[in-house]
Amino acid sequence: MSEVVFIGTSDAFGAGGRRQSALLVRASHGGLLLDCGTTTASGLAALGIERDEIDAILISHFHGDHFGGIPALLLAALYEDERRKPLRVAGPHGIERRVHQLAAAMGYAIEEREWSFPIEFLELLPDHPTEIGPVKVHSFETRHQPHTHPHGMLVTAGRQRIGYSGDTGWFDDLPRRVGGADLFVCECTYNTPGFEFHLNHQTLVAHKPEFDCGRIILTHLGSEMSARRGNCDFETADDGLTIRL
Ligand SMILES: [Zn+2]
Ligand SMILES: [Zn+2]
């Protein structure tokens, strides 16, 4: 059995007082953090989740609300937890360089300290299924600002499959990419169409029959969608929501 905990469910701007994107997948052999927005350390603390539970961090794309929380988590693992076991950090092409640059810009340069645990960077190539810690990941490109190397993914944890859209506008192949997932966590920033690089409720309703997924839960909710929570055509996530698969 797997468990999914929504650590953060807002858009980039913390709409509705929510935290930025982060999702913990608890598999039988360990934990995977799917995205790590800048508010993730606070989210884990608020929910009473030990950082040590996380064996791997998997990043969908290089926007701050999806990977900005990595430097603080690394430092907390070193100074607060005295972590020993390896931490894998996986993501699109350039993940190691981007995390190093980010940490340096925040004043937490990775090179300047002695680590008590190995940090292993891993680049994910689309359509190359890869074992990352306790799960197998199949990533695919999405329709989002291209310079951020946007990807969605299908994560297999034991017998369960979890689809994740990352950030994306609509593209016709999306239902096939997450087809067969027990749970599809889909971004829905807006209520109505208007911006090509994010999804909206109206578009998802129109395409709902195309998704062959056990359960669909909307996340990355902007201000309109945050206000529509409980009053739309899909389930919506809240910070702290826990799903057993
Ligand atoms: Zn985002
Ligand atoms: Zn983004």
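It should be noted that the structure appears before, not after, this text.
Owing to the predicted nature of the structure, the values given are computational and were not obtained by experimental measurement.

1. Quick notes on the coordination of the zinc ion (ligand 2)
Protein-derived ligands of the zinc ion (ligand 2) are H61 (NE2), H63 (ND1), H144 (NE2) and D167 (OD), with the metal-ligand distances lying across 2.1 to 2.3 Å. Taken together, the four donor atoms surrounding the zinc ion (ligand 2) define angles of 93 to 161° at the centre, an arrangement classified as irregular. Read from N- to C-terminus, the donor residues coordinating the zinc ion (ligand 2) fall into the pattern H-x1-H-x80-H-x22-D. Separating the zinc ion (ligand 2) from the zinc ion (ligand 1) is a distance of 3.5 Å, and D167 supplies a donor atom to each of them. The class of H61 is buried, set by a relative accessible area of 0%.

2. Focus: the pattern of salt bridges
Here the structure, examined in full by the defined rule, presents 15 salt bridges. Residues E3 and R244 are paired through a salt bridge, measuring 3.0 Å at the closest nitrogen-oxygen approach. Pair noted here: E3 is in strand β1 (residues 3-8) and R244 is in strand β14 (residues 242-244), with a separation of 241 residues, a long-range link. Residue R244 is classed as exposed on the basis of its relative accessible area of 57%. Here the salt bridges share partners, and the residues they tie into one network are E3, R26, E53 and R244.

3. Here we look at the coordination of the zinc ion (ligand 1)
At this site the zinc ion (ligand 1) is bound by D65 (OD), H66 (NE2), D167 (OD) and H220 (NE2), with donor distances of 2.1 to 2.2 Å. Each donor residue of the zinc ion (ligand 1) lies on one chain, and together they are spaced D-H-x100-D-x52-H.

4. A closer look at the packing of aromatic side chains
Tallied over the full model, the rule gives six aromatic pairs. With a centroid separation of 5.3 Å and an interplanar angle of 65°, the aromatic rings of F62 and F67 are classed as edge-to-face. An angle of 85° between the planes, with centres 6.4 Å apart, marks the rings of Y190 and F195 as edge-to-face. Taking relative accessible area as the criterion, Y190 reaches 31% and is therefore assigned partly exposed. The class for F195 is partly exposed, based on a relative accessible area of 34%. The structure contains a cluster of three or more aromatic residues connected by ring pairs, namely W170, F184 and F211. Looking at R83, its charged tip hangs above the ring of F117, at a distance of 5.6 Å from the centre. We note K208 situated over the ring of F234; from NZ or CZ to the ring centre the distance is 4.6 Å.

5. Here's the deal with the environment of V178
When you line up the elements, V178 lands in the loop between α5 (174-177) and β11 (183-187). Considered as a pair, V178 and V155 are 23 residues apart in the sequence and their alpha carbons are 9.5 Å apart. Discounting chain neighbours no more than four positions away, the residues touching V178 are F140, L154, G163, F184, F211, D212 and C213.

6. Quick word on the nonpolar core
With 29 residues, the main nonpolar core has I7, L33, I57, I70 and V99 as its most contacted residues. At the level of secondary structure, the elements contributing two or more residues to this core comprise β1, β2 (22-27), β3 (30-36), β4 (54-58), α3 (70-79), β5 (87-91) and α4 (95-105). Counting residues per element, this core draws most heavily on α3, at six residues. If we skip the residues at most four places from it in the chain, V99 touches F67, I70, V89, I110 and F121. Counting 24 residues, the second largest nonpolar core, distinct from the first, contains V4, L32, V135 and I162.

Procedures and definitions
Each chain has its residues counted from 1, running along the sequence as written. Each chain takes a letter, starting from A, and each ligand takes a number, starting from 1, following the order in which they are written. Reporting of local features is limited, given that this is a predicted model, to residues whose pLDDT is at least 70; pairs of side-chain atoms are given and counted only at 80 or more, and all residues count toward the totals for whole chains, interfaces and linings. With hydrogens and water stripped out, all remaining heavy atoms of the structure feed into the side-chain values. Donor atoms (N, O, S) are those found within 2.8 Å of the metal centre, with the cutoff raised to 3.2 Å for Na, K and Ca; water is not part of the atom list, so apparent gaps in a site can occur. Here a site with four donors is tetrahedral if all angles are between 85 and 135 degrees, and a site with four or six donors is square planar or octahedral if opposite donors are over 155 degrees apart and the other angles are between 65 and 115; anything else gets the irregular label. Remark: exposure states derive from per-residue accessible area (1.4 Å probe, protein chains only) relative to the maximum for the residue type, with buried under 20%, exposed over 50%, and partly exposed in between. One side-chain nitrogen of Lys or Arg within 4 Å of one carboxyl oxygen of Asp or Glu is enough to make a salt bridge. A run of DSSP states H or I qualifies as a helix once it reaches four residues; a run of E qualifies as a strand once it reaches two. Both are numbered from the N-terminal end. Each Phe, Tyr or Trp ring, with Trp reduced to its six-membered ring, pairs with another whose centre is within 6.5 Å; inter-plane angles below 30 degrees give stacked pairs, above 60 give edge-to-face pairs, and intermediate values give tilted ones. Note on geometry: a ring has a charge over it if NZ (lysine) or CZ (arginine) is within 6 Å of the ring centre and within 35 degrees of the ring normal. Contact criterion: two residues are considered in contact whenever any of their non-hydrogen atoms come within 4.5 Å of each other. In this description, a nonpolar core means a group of buried Ala, Val, Leu, Ile, Met, Phe, Trp, Tyr and Cys residues linked to one another through side-chain atoms lying within 4.5 Å.

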